[in-house]
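A closer look at the structure
One letter stands for each residue in the lines below.
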Amino acid sequence: MRYMAKKLVIKVTAGVDAPERCSQAFTVAAVAVASGVEVSVWLTGESAWFALPGRAAEFELPHAAPLPDLLDGILAGGRVTLCTQCAARRDITEQDVLEGVRIAGAQVFVQEIMAEDTQALVY
């Protein structure tokens, strides 16, 4: 019997600095949500900027799905979390982020990835 995780936690560390890696992370997350998998996406490092309104629309990668569409799909059926320290380093507060995005720290991340039937990916 093949093991299948019921929850997928994806930590996105890349933004415009590594567009292919960034796009892969959001694509995998959006496809998983569309497939009925419970998905939690963590925005860290340069991807932290995508927690702000309009920032995903500035991202472009030829032959890739538009990042705003992927993010909307993830927010509609999954959870998006902005790393507490990453937000603080960028002066991003709860009032600044997109509706549905929460700010949380390492303790919550560890709880999520250690939960039973959870698979974690880092991009």
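Before any of the text, the structure's been laid out above.
Conventions and cut-offs
Positions within a chain are numbered from 1, following the residues in the order the chain's sequence is written. The predicted origin of the model limits local features to residues at a pLDDT of at least 70 and limits the giving and counting of side-chain atom pairs to 80 or more, whereas totals for whole chains, interfaces and linings rest on all residues. As a convention, hydrogens and water are excluded, and side-chain values are obtained from all of the structure's heavy atoms. Runs of H or I in DSSP of at least four residues are treated as helices and runs of E of at least two as strands, each being numbered from the N terminus. What the globule rule says is 2.2 Å times the number of residues to the power 0.38, and the radius of gyration is computed from C-alpha atoms. Only protein chains enter the area calculation, which uses a 1.4 Å probe; residues under 20% of their type maximum are buried, those over 50% are exposed, and those in between are partly exposed. By the convention used here, residues are in contact when the closest approach between their heavy atoms is within 4.5 Å. Here the open area of atoms and residues is found with the Shrake-Rupley method and a 1.4 Å probe, where only the protein chains shown may cover a residue. Pairing between two strands requires that DSSP report at least two bridges joining them. Only the contacting stretch of a helix is used when fitting its axis, a line to C-alpha atoms as for every element, and angles between N-to-C directions run 0 to 180 degrees. Pairing of aromatic side chains requires ring centres within 6.5 Å, counting the rings of Phe and Tyr and the six-membered ring of Trp. Pairs whose planes differ by under 30 degrees are stacked, by over 60 edge-to-face, and all others tilted. Over a ring means this: the NZ of a Lys or the CZ of an Arg is within 6 Å of the ring centre and within 35 degrees of the ring normal.

As for the overall build of the chain
Of the regular secondary structure elements, the chain holds 4 helices and 5 strands. Ordered by position from N to C terminus, the α and β elements of the chain give β-α-β-α-β-α-β-α-β. For 123 residues, the compact-globule formula gives about 14 Å, and the C-alpha radius of gyration of the chain, at 14 Å, lands near that figure. Taking the principal axes of the C-alpha coordinates as reference, the chain spans close to 45 × 35 × 25 Å. Split into buried and exposed, the 123 residues of the chain put 39% on the buried side. The long-range share in the chain, meaning contacts at least 24 apart out of those at least 6 apart in sequence, stands at 70%. Here the chain has roughly 7000 Å² of accessible surface; of this, 53% comes from carbon and sulfur atoms.

Examining the sheet that holds strand β3 (residues 79-83)
Strand order in the open sheet formed by 5 strands is β4-β3-β2-β1-β5, with parallel pairing between adjacent strands. The open sheet has two edge strands with one neighbour each: β4 (101-104) and β5 (118-122). The mean angle between the axes of side-by-side strands here comes to 25°, regardless of whether they run parallel or antiparallel. Bridge count between β3 and β4: 4 bridges; the pairing is parallel. Note that in β4 the partner of Val-80 across the bridge is Val-101.

Side note on the packing of aromatic side chains
Each pair of aromatic rings is reported with the distance of its centres and the angle of its planes. This structure, assessed with the given rule, holds 3 aromatic pairs. Seen in terms of ring centroids, Phe-26 and Phe-50 are 6.0 Å apart; in terms of plane orientation they differ by 90°. Their pairing is edge-to-face. One end of the pair, Phe-26, is in helix α1 (residues 19-34); the other, Phe-50, is in the loop between β2 (38-43) and α2 (67-77), and 24 residues separate them in sequence. Between Phe-50 and Phe-59, the ring centres sit 5.7 Å apart and the planes meet at 90°, which makes this aromatic pair edge-to-face. Grouping residues by exposure puts Phe-50 and Phe-59 together as buried. The rings of Phe-26, Phe-50 and Phe-59 are connected pair by pair, giving a single aromatic cluster. Positioned above the aromatic ring of Phe-109, the side-chain terminus of Lys-11 is 5.1 Å from the ring centre.

Details of the pairing of β3
Here β3 lies mainly inside the structure; 4 of its 5 residues are buried. With 4 bridges joining them, β2 and β3 adopt parallel strand pairing. Counterpart to Ser-40 in the pairing with β3 is Arg-79.

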